[in-house]
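Each chain, written out:
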Amino acid sequence: MIRVYNIYMPISARYTHTNLIARDWRRLAAFYQAVFGCTPVPPERDLQGAWLESATGISGAHLRGMHLRLPGHGEHGPTLEIFQYGDTWELIPRLDGGPPAANRPGLGHLAFAVEDVPAACQAVLAAGGGMLVEIVSVEVTGAGIITFAYATDPEGNLIELQHWS
């Protein structure tokens, strides 16, 4: 007989936000508000000082941005934190310098459930985003049929648009 002991106890936790570092935080925030109905959670942030340098390990760190409440989870639901580093720090390029890809290590994509995937794709394009590939529908045994597509926001972050039926 094999005995399995769980020496780790899960901590008490609640998901709060996902952070995107933007080249233009206002443009990116406007995109997520226009396309997905995310709502601003005041105040706008303008953060700097020794405490931020200590927290980030970046000399002269200066962050500007805001939190956007994600749709579908009420007034206490998770947010999308969109920040832009100030002029004193240059963005570090993608490790491989390549275009967005669904199999890139790290943050893969943000996913939004939508009623109409083709209409959502058109909204993404109209707001300055792009499409990665085509819309696909597939039956997932035991779960239903998913219709989805990978799109990009104006800064190239991947977004999955999905509908289950």
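Definitions and cut-offs
- Residues numbered from 1 in each chain as written.
- Predicted model: local features only at pLDDT ≥ 70, side-chain atom pairs only at ≥ 80, totals over all residues.
- Heavy atoms only, no water.
- Phe/Tyr/Trp six-rings, centres within 6.5 Å; stacked < 30°, edge-to-face > 60°.
- Buried < 20%, exposed > 50% of the residue type's maximum accessible area, 1.4 Å probe, protein only.
- Helix = DSSP H or I, 4+ residues; strand = E, 2+ residues; numbered from the N terminus.
- Contact = heavy atoms within 4.5 Å.
- Pairing = 2+ DSSP bridges.
- Axes fitted to C-alpha atoms, helices over the stretch in contact; angles between N-to-C directions.
- Arc of directions from axis to C-beta.
- Polar contact = N/O pair within 3.5 Å; in protein donor to acceptor, adjacent residues only side chain to side chain.
- Lys, Arg positive; Asp, Glu negative; His and termini not counted.
- Salt bridge = Lys/Arg side-chain N within 4 Å of Asp/Glu carboxyl O.

Enquirer: Run through the packing of aromatic side chains, naming residues and quoting values.
Expert: Following the criterion strictly, the structure yields six aromatic pairs and no others. Here the aromatic rings of F31 and F36 are separated by 6.4 Å at their centres, their planes lie at 75 degrees, and the arrangement is edge-to-face. For the pair formed by F31 and F36, the shared burial category is buried. Between Y32 and F112, the aromatic rings sit 6.4 Å apart at their centres with planes inclined by 35 degrees, giving tilted as the arrangement. Remark: F112 occurs in strand β5 (residues 110-113) and Y32 occurs in helix α1 (residues 25-36); sequence separation between them is 80 residues.

Enquirer: Any chance you could break down the side chain of T79 for me, citing the residues and the numbers?
Expert: If you trace the backbone, T79 turns up in strand β4 (residues 79-85). Those residues in contact with T79, other than ones at most four positions away along the chain, are T16, H17, T18, V41, H67, L68, R69 and L70.

Enquirer: Tell me what's going on with the sheet that holds strand β2 (residues 39-48), and back it up with residues and numbers.
Expert: Two pairing modes exist for strands in a sheet, parallel and antiparallel, and in both the strands are linked by backbone hydrogen bonds. Taken in spatial order, the four strands make up an open sheet running β1-β4-β3-β2, and their pairing is mixed. In the strand order of this sheet, the two ends are held by β1 (17-21) and β2, each with one partner. Between one strand and the next, the sheet's axes are offset by a mean angle of 20 degrees, whatever the strand orientation. With respect to the sheet, α1 is in contact with β1, β2, β3 (62-69) and β4, its orientation differing from that of β3 by roughly 5 degrees.

Enquirer: Go over helix α3 (residues 117-126), please, and point to the residues and values.
Expert: Three or more residues of α3 are buried, namely V117, A120, C121 and V124. Axial view of α3: buried residues confined to an arc of 105 degrees, hence all on one face. Turned more than 90 degrees off the buried face of α3, the exposed positions are Q122 and A126. Those residues of α3 that are buried lie in contact with α1, β6 (130-131), β8 (144-152) and β9 (158-164). The N-cap of α3, judged by a side-chain oxygen 3.1 Å from the amide nitrogen of A119 a few residues on, is D116. Of the residues trailing α3, G128 is marked for its positive phi of about 100 degrees.

Enquirer: An account of the environment of I146 is needed here, citing residue identities and associated values.
Expert: Structurally, I146 is set in strand β8. Take I146: its relative accessible area is 7%, and that puts it in the buried class. It is 6.8 Å that separates the C-alpha atoms of I146 and Q162, two residues lying 16 residues apart in sequence. Excluding residues within four positions of it along the chain, I146 makes contact with V136, S137, V138, V140, E160, Q162, H163 and W164.

Enquirer: An account of the side chain of E81 is requested, with residue identities and associated values reported.
Expert: Among the structural elements, E81 can be located in strand β4. Buried and unpaired, E81 has no salt bridge, with R45 as the nearest side chain of opposite charge at 6.2 Å. Looking at E81, its side chain comes within polar contact range of the side chain of H67, at 3.0 Å. Not counting residues up to four positions away in its chain, the partners in contact with E81 are H17, T18, N19, L20, M66 and H67.

Enquirer: Before we move on, could you go through the pairing of β9 and cite the residues and values that matter?
Expert: Counting buried positions along β9 yields five of seven residues, so the element is predominantly enclosed. Bridge analysis of β5 against β9 gives four bridges, and the strand direction is parallel. Along β9, the bridge assignment pairs A111 with E160. Two elements, β8 and β9, share seven bridges in a ladder whose sense is antiparallel. Opposite A151, over in β9, you have I159 as the bridge partner. What sits between the antiparallel neighbours β8 and β9 is a turn of five residues, in which G156 has the positive phi angle 90 degrees.

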